[in-house]
Amino acid sequence: MRIGELAAVAGVTTRTVRHYHHLGLLPEPDRLANGYRDYGLRHAVVLARIRRLTELGLGLAEVRDVLAEDAGRDLAEVLAELDDDLARQEEAIRERRSRLRTLREKGLPAEGPVSPELAELFAGMEAFVDSPMAAKDREVMALIETAAEPEEQERLRAALGSAFGDPGAVERAREAYALLDALADAAPDDPRVDEAVRAVAACMPDGLIPEEGVDHDHGFMRALYADLSPAQAEVIRRALRHAGKGRT
């Protein structure tokens, strides 16, 4: 058989056949006097098997293991691992669909799709819709939730979930955001900074500060402070230190 005939028999393209040759999955056949490859039935059988395995979801490296005579794992073991992986994917899909349903029912926040817990927190921040600093806070929280490790995400959600749970929390937050907004063009030695530090620290829920404290020299923290006015950066830096000391 010529390469086109082989490809047609197995239901793949000639480009796929050449790719499998390049990867060493499909043995090179003998060549005729005119230089053309001369494929036999064995090549068609192997090619068809490769197609079936890839359609099951195996990667080409796993297919190579299955095809190799001295493979350390047999097909049953590889398929068992694949089944476990597919089960994990199904669970992840169910979770994503649940989140999508929640977002469709409750609407997307301005920051885009976030966890239901964070979306609920953002809904509680509607009282500060006119605060530039509150808007920046929401962006930062969405960024942290996206980039953090799962354990860290869970810790932050638990801490933030209680942010407005106690009486007076909304009013304290309103005062803190107003003080921060007023420092938008201020220097770090502005006399209003001390009052803002106390107000912001009072709004920080238990569990927000990790046990090891905050690394203020971390690249993320430096970028955060650079995005604030000098006075606002000073307030956040000192409030984080104050809150951290209060929880140790």
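Just so we're clear, the structure is a prediction, and the values are computed from it rather than from any experiment. Each chain carries its own residue numbering, running from 1 in the written order of its sequence. Since the coordinates come from a predicted model, pLDDT governs what is reported: local features require at least 70, and pairs of side-chain atoms require 80 or more to be given and counted, while whole-chain, interface and lining totals use all residues. Side-chain descriptors were evaluated using all non-hydrogen atoms of the structure, hydrogens and water having been removed beforehand.

Trainee: Sorry if this is basic, but what is going on with the overall build of the chain here?
Mentor: Helix and strand content of the chain: 12 helices and zero strands. Moving toward the C terminus, one meets the helices and strands of the chain in the order α-α-α-α-α-α-α-α-α-α-α-α. Throughout, exposure labels follow a simple rule: accessible area from a 1.4 Å probe, protein chains only, divided by the maximum for the residue type, with under 20% read as buried, over 50% as exposed, and the rest as partly exposed. The 248 residues of the chain split such that 33% are buried. The criterion used for residue contact is that any of the two residues' heavy atoms lie within 4.5 Å. For the chain, the share of sequence-separated contacts (at least 6 apart) that also reach a separation of at least 24 residues comes to 57%. Working note: accessible area of the chain is about 15500 Å², and carbon and sulfur atoms make up 52% of it. Secondary structure is summarised from DSSP: a helix means a run of H or I of at least four residues, a strand means a run of E of at least two, and numbering begins at the N terminus for each. Reported accessibility uses the Shrake-Rupley method at a 1.4 Å probe radius. Residues are deemed covered only where the shown protein chains occlude them.

Trainee: Is there a simple way to explain the nonpolar core in this structure?
Mentor: We call a set of buried residues a nonpolar core when its members are Ala, Val, Leu, Ile, Met, Phe, Trp, Tyr or Cys and they connect through side-chain atoms within 4.5 Å of each other. Membership of the largest hydrophobic core comes to 38 residues, with the highest contact counts inside it found for Met 125, Val 200, Val 235 and Ile 236. If you list the elements that add at least two residues to this core, you get α6 (116–124), α7 (132–147), α9 (169–182), α10 (193–203), α11 (219–226) and α12 (230–246). The leading source of residues in this core is α12, at seven residues. Other than its neighbours up to four places away in sequence, Ile 236 contacts Met 133, Leu 180, Val 200, Tyr 225 and Leu 228. Counting residues in hydrophobic clusters, the runner-up holds 19 residues, among them Ala 7, Val 12, Tyr 39 and Leu 47.

Trainee: It is not clear to me how the pattern of salt bridges should be interpreted in this structure. Could you clarify?
Mentor: Two side chains carrying opposite charge are able to pair once their charged atoms lie near each other. Salt bridges are identified by distance alone: a Lys or Arg side-chain nitrogen within 4 Å of an Asp or Glu carboxyl oxygen. If you walk through the whole model with that rule in mind, you get eight salt bridges. The salt bridge involving Asp 194 is made with Arg 238; its shortest N-O contact spans 2.8 Å. On the criterion of sequence distance, the pair formed by Asp 194 in helix α10 and Arg 238 in helix α12 is long-range, its members being 44 residues apart. Under the relative-accessibility criterion, Arg 238 is labelled partly exposed at 30%. A salt bridge links Glu 234 to Arg 237, with the shortest nitrogen-to-oxygen separation between them at 3.2 Å. On the criterion of helical spacing, the pair formed by Glu 234 and Arg 237 is a turn pair, its members being three residues apart in helix α12.

Trainee: What is the right way to read the packing of α9 against α10 from this model?
Mentor: Describing two packed helices takes the angle between their axes plus the distance from one axis to the other. In the contact formed by α9 and α10, the axes pass within 9 Å of each other and the chain directions differ by 145°. Crossing geometry of α9 relative to α10 is assigned as left-handed. Residue-level contacts link Arg 172, Ala 173, Glu 175, Ala 176, Leu 179 and Leu 180 of α9 to Glu 195, Ala 196, Ala 199, Val 200, Ala 202 and Cys 203 of α10. Residue classes follow a fixed rule: Ala, Val, Leu, Ile, Met, Phe, Trp, Tyr, Cys and Pro count as nonpolar, while Asp, Glu, Lys and Arg count as charged, and any other residue, Gly among them, counts as polar. Across the contact of α9 with α10, the residue classes break down as nine nonpolar, no polar and three charged. Think of each axis as a best-fit line through the C-alpha atoms, taken over the contacting stretch in the case of a helix, with angles from 0 to 180 degrees between the N-to-C directions. The crossing is said to be left-handed when, going from far helix to near helix, the turn is anticlockwise and less than a right angle, and right-handed when the turn is clockwise.

Trainee: Help me understand α11 in this model?
Mentor: Because each turn of an α-helix spans 3.6 residues, side chains separated by three or four positions in sequence point in the same direction. Listed in full, the buried residues belonging to α11 are Met 221, Leu 224 and Tyr 225. Seen end-on, α11 carries its buried residues on one side only, within an arc spanning 95°. It is the directions from the helix axis to the C-beta atoms whose arc is reported.

Trainee: I tried to follow the confidence of the model for the chain on my own but got confused; where do I start?
Mentor: Caution is warranted with low-pLDDT regions, since their predicted coordinates should not be read in detail. Residue-level confidence of the predictor, termed pLDDT, takes values from 0 up to 100. Model confidence for the chain is summarised by a mean pLDDT of 82, while 88% of its residues fall at 70 or above. When the elements of the chain are averaged for pLDDT, α6 gives the smallest value, 73, and helix α2 (residues 14–23) the largest, 94.

Trainee: I would appreciate a short explanation of the environment of Glu 175 in the present structure.
Mentor: Positionally, Glu 175 belongs in helix α9. Along the chain, Glu 175 and Val 200 lie 25 residues apart, while their C-alpha atoms are 8.7 Å from each other.

Trainee: What is the right way to read α9 from this model?
Mentor: The first and last C-alpha atoms of α9 sit 20 Å apart over 14 residues, in line with the 20 Å expected at 1.5 Å per residue. Residues of α9 that are buried: Ala 169, Ala 173, Ala 176, Tyr 177, Leu 179 and Leu 180. The buried residues of α9 occupy an angular sector of 160° when the element is viewed end-on, so they sit on one face. The length a helix should cover is 1.5 Å for every residue beyond the first.

Trainee: Would you mind going over the packing of aromatic side chains with me for this structure?
Mentor: The geometry of an aromatic ring pair is captured by the separation of the ring centres together with the interplanar angle, meaning the angle of the planes. Paired rings are identified among Phe, Tyr and Trp, the last through its six-membered ring, by centres lying within 6.5 Å, and are further divided according to the angle between planes into stacked (under 30 degrees), edge-to-face (over 60) and tilted (the rest). Per the stated rule, a full pass over the model turns up zero aromatic pairs. Only Lys NZ and Arg CZ are tested; either one counts as a charge over a ring when it is within 6 Å of the ring centre and within 35 degrees of the ring normal. Between the NZ or CZ atom of Arg 2 and the centre of the ring of Tyr 36, over which it lies, the distance is 4.4 Å. Here the basic side chain of Arg 237 rests over the ring of Tyr 225, its NZ or CZ set 4.3 Å away from the ring centre.

Trainee: Looking at this model, I keep getting lost on the packing of helix α1 (residues 3–10) against helix α3 (residues 41–55). Mind explaining?
Mentor: Put simply, α1 and α3 touch, their axes get as near as 9 Å, and they point 45° apart. One element, α1, and the other, α3, form an angle in the oblique class. α3 is crossed by α1, and the crossing has right-handed handedness. Residue-level inspection shows Leu 6, Val 9 and Ala 10 of α1 in contact with α3, the latter providing His 43, Ala 44, Leu 47, Ala 48 and Arg 51. Should an angle fall under 35 degrees it is taken as roughly parallel, and over 145 as roughly antiparallel, whereas 65 to 115 is taken as roughly perpendicular and any remaining angle as oblique.

Trainee: Sorry if this is basic, but what is going on with the side chain of His 43 here?
Mentor: For His 43, the location among the structural elements is in helix α3. Ignoring any residue separated from it by four or fewer positions in sequence, one finds His 43 in contact with Leu 6, Leu 26, Pro 27, Glu 28 and Pro 29.

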